[in-house]
Amino acid sequence: MAVLIDGKALAKKIREQLKEECNELKTNKIIPKLAVIMVGDNSASKVYVRNKSRACEEIGIEYEEYLLDENIKQEELIKLIQKLNEDKSVNGILLQSPIPGHLNINQAFKAITYRKDVDGFTPSSVGKLSIGEDTFISCTPYGVIKMFEEYDIDLTGKDVVIVGRSNIVGKPLIQCCLNKNATVTVCHSKTKNLTEHTKRADVLIAAIGKPKFITQDMVKKGAIVIDVGINRTEEGKLVGDVDFENVEKIASYITPVPGGVGPMTVAMLMNNVIKATKEQYNINTKF
Ligand code: NAP
């Protein structure tokens, strides 16, 4: 049976450390603030945003939400981002995706100033990550890396296979794992003979968005399996991209869904808000 990587417990530990850091900032009369922009009415986004606002409340970060009409024009969205860029009381800006199809999300991300890019999606953050410089790392990949660190999993020389190449998960994970000296393979929907790749992974990371897609026969015995997927079944149950019940029998480590990568994503967002605030006030960051 695999060791369970407990993202929920680790995320709680990180939030407690951040609460202390936030209290320290407050003694210097600095109150970190996160501004979240949501466009249109997306039920999944609402759940994610609620989790983020709760985490802010717990840590002591001020939280401000902008709910924009789904028909908003690109210029209006950019104008709001620019206003928040200039607002000294706002330390982090997050644009919740997805946004309606008529809007250009990459252009919107580009408008966020690097100093407040707590999601790590701007070209500056992505570029700095790719050359190994300190930067804002996209929260889900960052959470996965923190899990490896907590469980003393050294990626040096390991074959890491990532299934999924999205800009927010798969691609930044490539850089994060490379920076930890792994040999990285990335697979996607056009990959031929997927199982041949997954089966030789020392570390298999699934970020696909398909319930229980990774089955036991696709996993090497003793592999470390990280499940980024969050899928809702017809019965309303949350499941990952990995067939947990069967894969945990042969893996050495595995993350559950829920309680794995999900809470880590929110914790690392909080971490990035504190990091942004400290950098804006020229205070050294711990992370
Ligand atoms: P996405 O943008 O839809 O990307 C999915 C990726 O999976 C794509 O690269 C796609 O390939 C690949 N893929 C799809 N079908 C495949 C197949 N049959 N074989 C191999 N690869 C396949 O999704 P995402 O935003 O990265 O999210 C992935 C999952 O993680 C979702 O369940 C999402 O809800 C979850 N998620 C969780 C967190 C968290 O905090 N835990 C955060 C973000 C996302 P192509 O590029 O070729 O289309």
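Parameters at a glance
- Residues numbered from 1 in each chain as written.
- Predicted model: local features only at pLDDT ≥ 70, side-chain atom pairs only at ≥ 80, totals over all residues.
- Heavy atoms only, no water.
- Pairing = 2+ DSSP bridges.
- Helix = DSSP H or I, 4+ residues; strand = E, 2+ residues; numbered from the N terminus.
- 1 Å grid on protein atoms, 1.4 Å probe; cavity = no way out; pocket = protein on both sides within 12 Å on 5 of 7 lines; lining within 4 Å.
- Points joined across faces, edges and corners; volume = space filled by probe spheres on them.
- Nonpolar A, V, L, I, M, F, W, Y, C, P; charged D, E, K, R; others polar.
- Expected span 1.5 Å × (residues − 1).
- Buried < 20%, exposed > 50% of the residue type's maximum accessible area, 1.4 Å probe, protein only.
- Arc of directions from axis to C-beta.
- Contact = heavy atoms within 4.5 Å.
- Axes fitted to C-alpha atoms, helices over the stretch in contact; angles between N-to-C directions.
- Parallel < 35°, antiparallel > 145°, perpendicular 65-115°, else oblique.
- Left-handed = near helix turned anticlockwise from the far one by under 90°.
- Lys, Arg positive; Asp, Glu negative; His and termini not counted.
- Salt bridge = Lys/Arg side-chain N within 4 Å of Asp/Glu carboxyl O.
- Polar contact = N/O pair within 3.5 Å; in protein donor to acceptor, adjacent residues only side chain to side chain.

## Thoughts on the sheet that holds strand 8 (residues 224-227)
Next, step 1: With parallel pairing, the six strands of this open sheet are ordered in space as 1-11-8-7-5-6. Strands with a single pairing partner mark the edges of an open sheet, and in this sheet they are strand 1 (3-4) and strand 6 (183-187).
Next, step 2: One ladder, built from two bridges, connects strand 8 with strand 11 (residues 253-254); its direction is parallel. Bridge assignment links Val-225 to a residue of strand 11, and that residue is Ile-254.

## A closer look at the layout of surface pockets
Sizing a probe to match a water molecule and rolling it over the atoms shows the empty space that remains.
Next, step 1: Roughly 220 Å³ of internal volume is contained in the second largest pocket.
Next, step 2: Considering the residues around the second largest pocket, the lining is formed by Val-163, Gly-164, Arg-165, Cys-187, His-188, Ser-189, Thr-191, Leu-194, Ala-207, Ile-208, Lys-210 and Phe-213.
Next, step 3: A per-class count over the lining of the second largest pocket returns six nonpolar, four polar and two charged.

## Quick word on helix 2 (residues 43-59)
Next, step 1: The first and last C-alpha atoms of helix 2 sit 25 Å apart over 17 residues, in line with the 24 Å expected at 1.5 Å per residue.
Next, step 2: The complete set of buried residues in helix 2 reads Ser-45, Val-49, Lys-52, Ser-53, Ala-55, Cys-56 and Ile-59. One side of helix 2 carries all its buried residues, which in axial view fall inside an arc of 160°. Along helix 2, exposed side chains directed more than 90 degrees from the buried face belong to Ser-43 and Glu-57.
Next, step 3: For helix 2, the secondary structure elements touched by its buried residues are helix 1 (7-27), strand 2 (33-39), strand 3 (62-68), strand 4 (92-95) and helix 10 (261-280).

## Overview of the sheet that holds strand 4
Next, step 1: Sheet architecture is open: three strands sit in the order 3-2-4, paired in parallel fashion. What marks the edges here is a single partner per strand, and that holds for strand 3 and strand 4. Strand-to-strand twist across the sheet, computed as the mean angle between neighbouring axes with direction ignored, equals 15°.
Next, step 2: Judged from the seven bridges that link them, strand 2 and strand 3 form a sheet pairing that is parallel. Its bridge partner being in strand 3, Leu-34 is matched across the sheet by Tyr-63.

## Topic: the packing of helix 2 against helix 10
How two helices pack is summed up by the angle between their axes together with the distance between the axes.
Next, step 1: Contact geometry of helix 2 with helix 10 gives a least axis separation of 10 Å together with a crossing angle of 55°. In terms of their interaxial angle, helix 2 and helix 10 are classed as oblique. Pair helix 2 / helix 10 crosses with right-handed handedness. Judged by residue contacts, Asn-51, Lys-52, Ala-55, Cys-56 and Ile-59 of helix 2 engage Val-266, Leu-269 and Met-270 from helix 10.
Next, step 2: For the contact of helix 2 with helix 10, the residue count by class is six nonpolar, one polar and one charged.

## Side note on the side chain of Lys-116
Next, step 1: The residue Lys-116 is located in the loop between helix 4 (105-111) and helix 5 (123-130) in this model.
Next, step 2: Within the buried set, Lys-116 has no salt-bridge partner at all; the shortest N-O distance to an opposite charge, 6.0 Å, is to Asp-87.
Next, step 3: Within the local environment of Lys-116, its side chain forms a polar contact with the backbone oxygen of Leu-84, the two atoms lying 2.9 Å apart.
Next, step 4: One polar contact links the side chain of Lys-116 to the main-chain carbonyl oxygen of Val-90, over a distance of 2.9 Å.
Next, step 5: Look past the residues within four positions of Lys-116 in its chain and what remains in contact with it is Leu-84, Asn-85, Glu-86, Asp-87, Val-90, Asn-91, Gly-92, Ile-93 and Gln-280.

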